[in-house]
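# Examining the three-dimensional arrangement
Read off the chains here:
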Amino acid sequence: MWETRVLRSRYNSTVHAIVAAAFAAGAITTVAIVATQDWEAPGRLVLAAVALLFGAVSFRLSRLRVVLHADHVELVNPLRTHRIPWREIDAVEAFVFAGWRVRVWSGGRARVAFGLSQYSKYTPARPGDDVDEHAPKWLSQGYHELRDTWQERRRVSG
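Residues numbered from 1 in each chain as written. Predicted model: local features only at pLDDT ≥ 70, side-chain atom pairs only at ≥ 80, totals over all residues. Heavy atoms only, no water.

Where an unreviewed UniProt entry is consulted, the protein appears under the name Low molecular weight protein antigen 6 PH domain-containing protein, with the organism given as Actinoplanes lobatus.

Given below as structure tokens:
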């Protein structure tokens, strides 16, 4: 029986969730202050709205992941979720471009797996680096699991 697996950076997810909670708490506190004191309300309400927006963005970033299903892979990215059947995937690759990226090719189109990527111009990664030697362990393991599962599921599905 197939077991669904989730691949992601637990550290990045936790940090973004904490940041989201902090922004939400700040927004709620600001609204409570405005409701009880009503001074400088418009400016404080704008501040609360901005805090809620940043909290929502941070919450979405905490949800980035790659989910391996029996019949497809699900890439949960910041703005969109892609569901790609295993048989339609042409390639899975890891590469360096201002940090580590994992990309899934399907139908001549590349989709970055944000849940298995580490973005930063400060990441110690240079073009030509090996994913096994230089990438963070969680990223390297997740990339290999995604690639191996794709090859296995493609063989099984036909």
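From this point, the discussion proceeds with the structure in view.
Before going further, it helps to examine the pattern of salt bridges. As enumerated under the stated definition, the model contains 5 salt bridges in all. Here Glu145 ties to Arg5 by a salt bridge, and the two come within 2.4 Å at their closest N and O atoms. One end of the pair, Glu145, is in helix H4 (residues 137-157); the other, Arg5, is in strand E1 (residues 5-7), and 140 residues separate them in sequence. For Arg5, a relative accessible area of 26% puts it in the partly exposed group. Asp148 is paired through a salt bridge with Arg147; the nearest N and O atoms lie 3.6 Å apart. (Salt bridge = Lys/Arg side-chain N within 4 Å of Asp/Glu carboxyl O. Helix = DSSP H or I, 4+ residues; strand = E, 2+ residues; numbered from the N terminus. Buried < 20%, exposed > 50% of the residue type's maximum accessible area, 1.4 Å probe, protein only.)

Let us now look at the side chain of Asn77. Mapped onto the fold, Asn77 is located in the loop between strand E3 (72-76) and strand E4 (81-85). Among the residues examined, Asn77 registers a relative accessible area of 5% and is labelled buried. A distance of 3.0 Å separates the side chain of Asn77 from the backbone nitrogen of Phe114, its partner in a polar contact. Leaving out residues up to four positions away in the same chain, Asn77 has contacts with Arg60, Leu64, His82, Val112, Ala113, Phe114 and Gly115. (Polar contact = N/O pair within 3.5 Å; in protein donor to acceptor, adjacent residues only side chain to side chain. Contact = heavy atoms within 4.5 Å.)

In this structure's numbering, the residues bearing the UniProt feature "transmembrane region" (unreviewed entry) are residues 15-35 and 41-59. The distance separating the terminal C-alpha atoms of residues 15-35 is 30 Å; by composition the span is 100% helix and 0% strand. (UniProt positions renumbered as here; feature names shortened; annotations may be inferred.)

Nonpolar side chains in soluble globular proteins tend to end up buried together. Formed by 22 residues in total, the largest nonpolar core has its most connected members in Val66, Val73, Ile89, Val102 and Leu146. Counting residues per element, the ones that place at least two in this core are strand E2 (65-68), E3, strand E5 (89-96), strand E6 (99-106) and H4. Broken down by element, the residue count for this core peaks at 4 residues, all from H4. With residues up to four places along the chain from it excluded, the contact list for Val73 reads Val66, Val67, Leu68, His82, Arg83, Ile84, Trp86, Ile89 and Leu146. (Core = buried A, V, L, I, M, F, W, Y, C linked by side-chain atoms within 4.5 Å.)

Attention shifts here to helix H1 (residues 10-37). For H1, built from 28 residues, the straight-helix expectation of 40 Å at 1.5 Å per residue is met to within 8% by its first-to-last C-alpha distance of 40 Å. Among the residues making up H1, those that are buried are Ser13, Ala20, Ala27, Thr30 and Val34. (Expected span 1.5 Å × (residues − 1).)

What follows is about the domain arrangement of the protein. For an interface, size is often stated in terms of accessible area lost upon the parts coming together. Domain annotation for the protein reports domain 1 (10-62) and domain 2 (65-157). Centre-to-centre separation of domain 1 and domain 2, based on C-alpha positions: 32 Å. (Domains from an automatic or database assignment.)

Moving on, we get to the sheet that holds E2. Ordered by their spatial adjacency, 4 strands build an open sheet running E1-E2-E3-E4, and the pairing between neighbours is antiparallel. Either end of the sheet is taken by a strand with one partner, and the two such strands are E1 and E4. For this sheet, the mean inter-axis angle between neighbouring strands, taken without regard to orientation, is 15°. In the sheet, E2 pairs with E3 via 4 bridges, with the strands oriented antiparallel. Bridge pairing in E3 links Arg65 to Val76. Helix-sheet contacts for H4 involve E1, E2 and E3, and the interaxial angle to E1 is about 135°. (Pairing = 2+ DSSP bridges. Axes fitted to C-alpha atoms, helices over the stretch in contact; angles between N-to-C directions.)

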